[in-house]
Amino acid sequence: MIKFDQLTVGDIPAIVGLMEEFYAIDGYDIDRNTTNDNFNLFVNNPQLGQAWLIRNGEDILGYMIVSYFFSFEFKGRAGLLDELFVGEKARGMGLGKLAVDFVISYLESKNCKIIFLEVEEHNERAIHLYEKNGFAFHPRKFMRKYIN
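Because the structure is a prediction, the values reported are computed rather than measured. (Residues numbered from 1 in each chain as written. Predicted model: local features only at pLDDT ≥ 70, side-chain atom pairs only at ≥ 80, totals over all residues. Heavy atoms only, no water.)

Visitor: Explain the overall build of the protein to me, please; I cannot follow it from the model alone.
Guide: In terms of helices and strands, the protein carries four helices and five strands. Ordering the α and β elements of the protein from the N terminus gives β-α-α-β-β-β-α-β-α. In terms of its C-alpha atoms, the protein occupies a principal-axis envelope of roughly 40 × 35 × 30 Å. By sequence separation, contacts in the protein at least 24 residues apart represent 60% of the contacts at least 6 residues apart. When the accessible area of the protein is evaluated, it comes to approximately 9900 Å², of which 53% is carbon and sulfur surface. (Helix = DSSP H or I, 4+ residues; strand = E, 2+ residues; numbered from the N terminus. Contact = heavy atoms within 4.5 Å. Areas by Shrake-Rupley, 256 points an atom, 1.4 Å probe, with all protein chains shown as cover.)

Quick look at the structure:
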């Protein structure tokens, strides 16, 4: 039976291992120590967001992370589906759809007005999943600047 277990401090090593697998797909760098520190901060401050492990019994199949922010333009609290990862062995089983449905319901319960996410242009399966669930590309481009 598929379940979404809220991340605990004890789950941090498992989720960091999954993140390494996820980041390797697109060649993203990950610093294990910084990521562990960030998860300790995140788990102990639920106002920042929430993370879950996707399980089938005791088997960990993937994870998802949601962060919050506030936007006047978008009428209040907003959710960012920061990461959704399903391990290679569990793909094609409908877990992405279950996870997206779960996140939408969860963010509705937290009074979020909008959900954002980012997706790699080459990840056609994910784009199709998100579009089928009502997501659309925003006409503006996302920009970034690292500080500190």
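Visitor: Help me understand the pattern of salt bridges in this model?
Guide: Pairing of side chains with opposite charge becomes possible as their charged atoms draw close. Scanning all chains against the criterion turns up six salt bridges. A salt bridge links D5 to R55; the nearest nitrogen and oxygen atoms lie 2.8 Å apart. Of the two residues, D5 sits in strand 1 (residues 2-6) while R55 sits in strand 2 (residues 49-56), which places them 50 residues apart along the sequence. Residues E73 and R140 are paired through a salt bridge, measuring 2.4 Å at the closest nitrogen-oxygen approach. Placement of the pair is E73 in the loop between strand 3 (59-71) and strand 4 (76-86) and R140 in the segment after helix 4 (124-132), with a sequence separation of 67 residues. Among the ionic contacts, a cluster of salt bridges with common partners joins K3, D5, D11 and R55. (Salt bridge = Lys/Arg side-chain N within 4 Å of Asp/Glu carboxyl O.)

Visitor: What am I meant to see in the environment of Y68 here?
Guide: Residue placement: Y68 occurs in strand 3. With a relative accessible area of 13%, Y68 lands in the buried category. With 45 residues separating them in the primary sequence, Y68 and K113 have C-alpha atoms 11 Å apart. Leaving out residues up to four positions away in the same chain, Y68 has contacts with P46, Q47, L48, G49, R77, A78, Y106, L107, K110 and C112. Here Y106 takes part through its side chain, which lies 3.0 Å from a polar atom of the side chain of Y68. (Buried < 20%, exposed > 50% of the residue type's maximum accessible area, 1.4 Å probe, protein only. Polar contact = N/O pair within 3.5 Å; in protein donor to acceptor, adjacent residues only side chain to side chain.)

Visitor: Hey, could you run me through helix 4 in this one?
Guide: In an α-helix, one turn spans 3.6 residues, which is why side chains three or four residues apart end up on the same side. Listed in full, the buried residues belonging to helix 4 are A126, I127, L129 and Y130. Along the axis of helix 4, the buried positions cluster into a sector of 160 degrees, meaning they face one direction only. Of the exposed residues in helix 4, the ones pointing more than 90 degrees away from its buried face are E124, R125 and K132. Considering only its buried residues, helix 4 is in contact with strand 4, helix 3 (95-109) and strand 5 (114-117). Two residues or fewer past helix 4, G134 is found with a positive phi of approximately 95 degrees. (Arc of directions from axis to C-beta.)

Visitor: How should I be thinking about the packing of aromatic side chains in this particular structure?
Guide: Two numbers describe a pair of aromatic rings. These are the distance of the centres and the angle of the planes. Overall, the coordinates contain 13 aromatic pairs when judged by the stated rule. Through a chain of ring-to-ring contacts, the aromatic side chains of F22, Y23, Y28, Y63 and F85 assemble into a single cluster. (Phe/Tyr/Trp six-rings, centres within 6.5 Å; stacked < 30°, edge-to-face > 60°.)

Visitor: Help me understand unusual backbone geometry, please; the structure alone is not making it clear to me.
Guide: Its identity is not glycine, yet K75 carries a phi of approximately 75 degrees, on the positive side. Topologically, K75 is positioned in the loop between strand 3 and strand 4. One non-glycine residue, N148, adopts positive backbone phi at about 55 degrees. As for its position among the elements, N148 is in the segment after helix 4.

Visitor: Is there a simple way to think about the side chain of S71 in this case?
Guide: Positionally, S71 belongs in strand 3. Here S71 falls in the buried class, since its relative accessible area comes to 12%.

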